[in-house]
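Working through the structure, step by step
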Amino acid sequence: MRLQKAIASAGVCSRRKAEELIKAGRVLVNGEIVTQMGARVDPERDRIEVDGRPIAREAHRYIALNKPAGVVSTARDPEGRPTVVDLVPAGVRVYPVGRLDCDTEGLILLTNDGALAYRLTHPSYGVQKVYEALLKGEITEKAVRALEQGVVL
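Every chain is numbered on its own, with residues counted from 1 as its sequence reads. Owing to the predicted nature of the model, reporting of local features is limited to residues with pLDDT of at least 70; listing and counting of side-chain atom pairs is limited to 80 or more, with chain, interface and lining totals taken over all residues. Values shown for side chains rest on all heavy atoms present in the structure; no hydrogens or waters enter the calculation.

1. Describing a positive patch on the surface
Only residues whose relative accessible area exceeds 30% and that form no salt bridge are eligible for patches; like-charged ones are grouped when within 9 Å, while nonpolar side chains (Val, Leu, Ile, Met, Phe, Trp, Tyr) are grouped when within 5 Å. Values of accessible area rely on a 1.4 Å probe in the Shrake-Rupley scheme; residue burial ignores everything except the protein chains shown. Every case where a carboxyl oxygen of Asp or Glu lies within 4 Å of a side-chain nitrogen of Lys or Arg is listed as a salt bridge. In this tally, Lys and Arg are treated as positive and Asp and Glu as negative; His is ignored, and so are the chain termini. Charged side chains are reduced to one point each, which is NZ for Lys, CZ for Arg, CG for Asp and CD for Glu. A contiguous patch of positive charge, built from Arg2, Lys5, Arg15, Arg40 and Arg57, is present on the exposed surface. To qualify as a helix, a DSSP run of H or I must reach at least 4 residues; to qualify as a strand, a run of E must reach at least 2; elements of each kind are numbered from the N terminus. Inspection of the secondary structure assignment puts Arg57 in the loop between strand S4 (53–54) and strand S5 (62–67). Buried, partly exposed and exposed residues are distinguished by accessible area as a fraction of the type maximum, computed with a 1.4 Å probe on protein chains only: under 20%, between the cut-offs, and over 50%, respectively. According to the relative accessible area criterion, Arg57 is partly exposed, its value standing at 44%.

And the structure:
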């Protein structure tokens, strides 16, 4: 595993921030400063330290959340609206997999398992998603045909 991924997987920071820490000489592997990007490590066998503190691999977490309306499907919102991450206990580091509109409610997965999140969301894996919408009032045939053709958001 690449060093920056091991640091991010331990919940220390993002991969990009981990790259900055490595470049700055703030990361040690088995007592040696590592500044080379892409250095390979085994988190189970190698002792990795950031700023003198050893890191431990974070256990994967999976949360199935029934997202209420009015909550945004993101970890942070610049507009200050409540987020799905706000709904989990403090200190639990997870990120949403996929998106539901702010006004939409329904199941959303939260996890710190980046590999799973990637496999579920990247189009190359072809994971099908089914969305069911309940509408107030009647829908016209013209609107149904438009939806069947696809909607550009």
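2. Points about the pairing of strand S7 (residues 106–111)
Remember that side chains alternate between the two faces of the sheet whenever the strand is regular. Between any two strands, pairing holds if DSSP finds at least two bridges. Note: S5 against S7, six bridges, orientation antiparallel. Each bridged residue has a counterpart across the sheet, and for Leu65 the counterpart in S7 is Ile108. Pairing of strand S6 (residues 95–97) with S7 involves three bridges; the strand directions are antiparallel. Across the sheet, residue Val97 finds its bridge partner in S7, namely Leu109.

3. Some points on the sheet that holds S5
Read across the open sheet, the three strands follow the order S5-S7-S6; overall the sheet is antiparallel. Unpaired on one side and paired on the other, S5 and S6 mark the two borders of the sheet. In this sheet, neighbouring strand axes are inclined to one another by 40° on average, regardless of whether the strands run parallel or antiparallel. Between N-to-C directions, angles span 0 to 180 degrees; the directions come from axes that are lines fitted to C-alpha atoms, helices contributing only their stretch in contact.

4. Topic: the pattern of salt bridges
Counted under the stated rule, the structure contains five salt bridges. The partner of Lys17 in a salt bridge is Glu20, with the nearest N and O atoms 3.8 Å apart. Here the residue Lys17 and the residue Glu20 both occupy positions in helix H2 (residues 15–23), the gap between them amounting to three residues, near one helical turn. Note on Lys17: relative accessible area 38%, which makes it partly exposed. On the basis of relative accessibility, which here comes to 48%, the residue Glu20 falls in the partly exposed class. When salt bridges that share partners are traced, they join Asp77, Glu79 and Arg81 into one network.

5. Regarding the nonpolar core
The biggest cluster of nonpolar side chains holds 14 residues, and the ones touching the most others in it are Leu3, Ile7, Val27, Val29, Val41 and Ile48. Breaking this core down by element, the ones donating at least two residues are helix H1 (3–9), H2, strand S1 (27–29) and strand S3 (48–50). Here, nonpolar core means buried Ala, Val, Leu, Ile, Met, Phe, Trp, Tyr and Cys residues that are tied together by side-chain atoms lying within 4.5 Å of each other. Formed by ten residues, the second largest nonpolar core is a distinct cluster that contains Val85, Val88, Leu100 and Leu110.

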